[in-house]
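# Working through the structure, step by step
Chain residues, written in single-letter form:
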Amino acid sequence: MTYTIRPSIPGIRTSRGVYPRRTPVRPSPFNAHPVCYGDRLYVSLRFADGSGMKIYTDRASDMTELIGEVRLASWNRRGLVRMCVRNATRGWMVEKPLMLYGEMQETEKPGSVFLHSGY
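Keep in mind that what you see is a predicted model, and the values were worked out from it rather than measured.

## Observations regarding the sheet that holds strand β3 (residues 41–46)
- One open sheet holds the four strands; their spatial order is β4-β3-β5-β6, and the pairing between them is antiparallel. Looking along the sheet, the strands with just one partner apiece sit at the ends: β4 (52–57) and β6 (92–101). On average, each strand axis in the sheet is inclined to that of its neighbour by 20°, with strand direction left out of account.
- Where strand β5 (residues 78–87) lies against β6, 10 bridges are found, and the strand directions are antiparallel. Note that in β6 the partner of Gly 79 across the bridge is Leu 100.

Spelled out as structure tokens, the structure:
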């Protein structure tokens, strides 16, 4: 650690370059909605084809873990969905879009050929 003496205040030592510089970070849109481990979280997903899925968990300590749980539960679905999260413990609800990257079907894989038998 290096110390320098400030010229304006004689005899006062200040440290330089030891602590990381704090830069302002753009706040996450989920920061306004706190989640703690044990909160009762109800998630409903609305898919583009009109179907839906509902998930309940109380084992997520933040929104990242919650989205991981949602991705695990909907592993076979792909596309943009509407995710509605309701925290019954803290009394808030938020609705956000979420992109799912499920496993591709055989007909969706690049280079695959799908033949119709009616031609």
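## A word on the environment of Met 53
- Looking at the secondary structure, you find Met 53 in strand β4.
- By relative accessible area, which is 22% here, Met 53 ends up partly exposed.
- Here the alpha-carbon distance between Met 53 and Val 43, two residues 10 residues apart in the chain, equals 8.2 Å.
- With near-sequence residues (within four places) excluded, Met 53 lies in contact with Val 43, Ser 44, Leu 45, Phe 47, Ala 73 and Ser 74.

## A few points about the pattern of salt bridges
- Taken as a whole and assessed by the stated rule, the structure comprises three salt bridges.
- With its nearest N and O atoms 3.3 Å apart, the salt bridge here joins Arg 77 to Asp 49. On the criterion of sequence distance, the pair formed by Arg 77 in the loop between α1 (63–73) and β5 and Asp 49 in the loop between β3 and β4 is long-range, its members being 28 residues apart.
- Arg 77 gets classed as partly exposed once you look at its relative accessible area, which sits at 24%.
- A salt bridge links Glu 95 to Arg 82; its shortest N-O distance comes to 3.3 Å. On the criterion of sequence distance, the pair formed by Glu 95 in strand β6 and Arg 82 in strand β5 is long-range, its members being 13 residues apart.

## Here we look at α1
- For α1, the full list of buried residues reads Met 63, Leu 66, Ile 67 and Val 70. Summarising the axial view, the buried residues of α1 lie within an arc of 95°, below the 170-degree limit, and thus occupy one face. Exposed positions of α1 whose direction lies more than 90 degrees from the buried face are Thr 64 and Leu 72.
- If you follow the buried residues of α1, they end up packed against β3, β4, β5 and β6.

## Structural notes on the packing of aromatic side chains
- Under the defined criterion, the tally for this structure stands at one aromatic pair.
- On the numbers, 5.0 Å between centres and 40° between planes, the contact of Tyr 42 with Tyr 56 is tilted. One end of the pair, Tyr 42, is in strand β3; the other, Tyr 56, is in strand β4, and 14 residues separate them in sequence.
- Overall, the relative accessible area of 32% leaves Tyr 42 in the partly exposed class.
- Relative accessible area serves as the criterion here: at 43%, Tyr 56 is assigned to the partly exposed category.
- Taking the ring centre of Phe 47 as reference, the NZ or CZ of Arg 77 above it sits at 3.8 Å.

Each value, and the rule that gives it
Per chain, residue numbering runs from 1 following the sequence as it is written. Selection of residues for local features in this predicted model requires a pLDDT of at least 70, selection of side-chain atom pairs for listing and counting requires 80 or more, and totals for whole chains, interfaces and linings are taken over all residues. Each side-chain value is derived from all of the structure's non-hydrogen atoms; neither hydrogens nor water enter the calculation. We call two strands paired when DSSP finds no fewer than two bridges between them. Going along the chain from the N terminus, every DSSP run of H or I of four or more residues is numbered as a helix, and every run of E of two or more is numbered as a strand. Only C-alpha atoms enter the line fits that serve as axes; for helices the fit covers just the stretch in contact. Angles between N-to-C directions range over 0 to 180 degrees. Three exposure classes are used, based on accessible area relative to the maximum for each residue type with a 1.4 Å probe and protein chains only: buried under 20%, partly exposed in between, and exposed over 50%. Contact between two residues is taken to exist if any of their heavy atoms lie within 4.5 Å; hydrogens are not considered. Just to be clear on terms, a salt bridge is a Lys or Arg side-chain nitrogen sitting within 4 Å of an Asp or Glu carboxyl oxygen. It is the directions from the helix axis to the C-beta atoms whose arc is reported. Each aromatic pair joins two rings of Phe, Tyr and Trp (for Trp, the six-membered one) with centres within 6.5 Å, and gets the label stacked for planes under 30 degrees apart, edge-to-face for over 60, and tilted for any other angle. Charge-over-ring placement is defined geometrically: NZ (Lys) or CZ (Arg) within 6 Å of the ring centre, and within 35 degrees of the ring normal.

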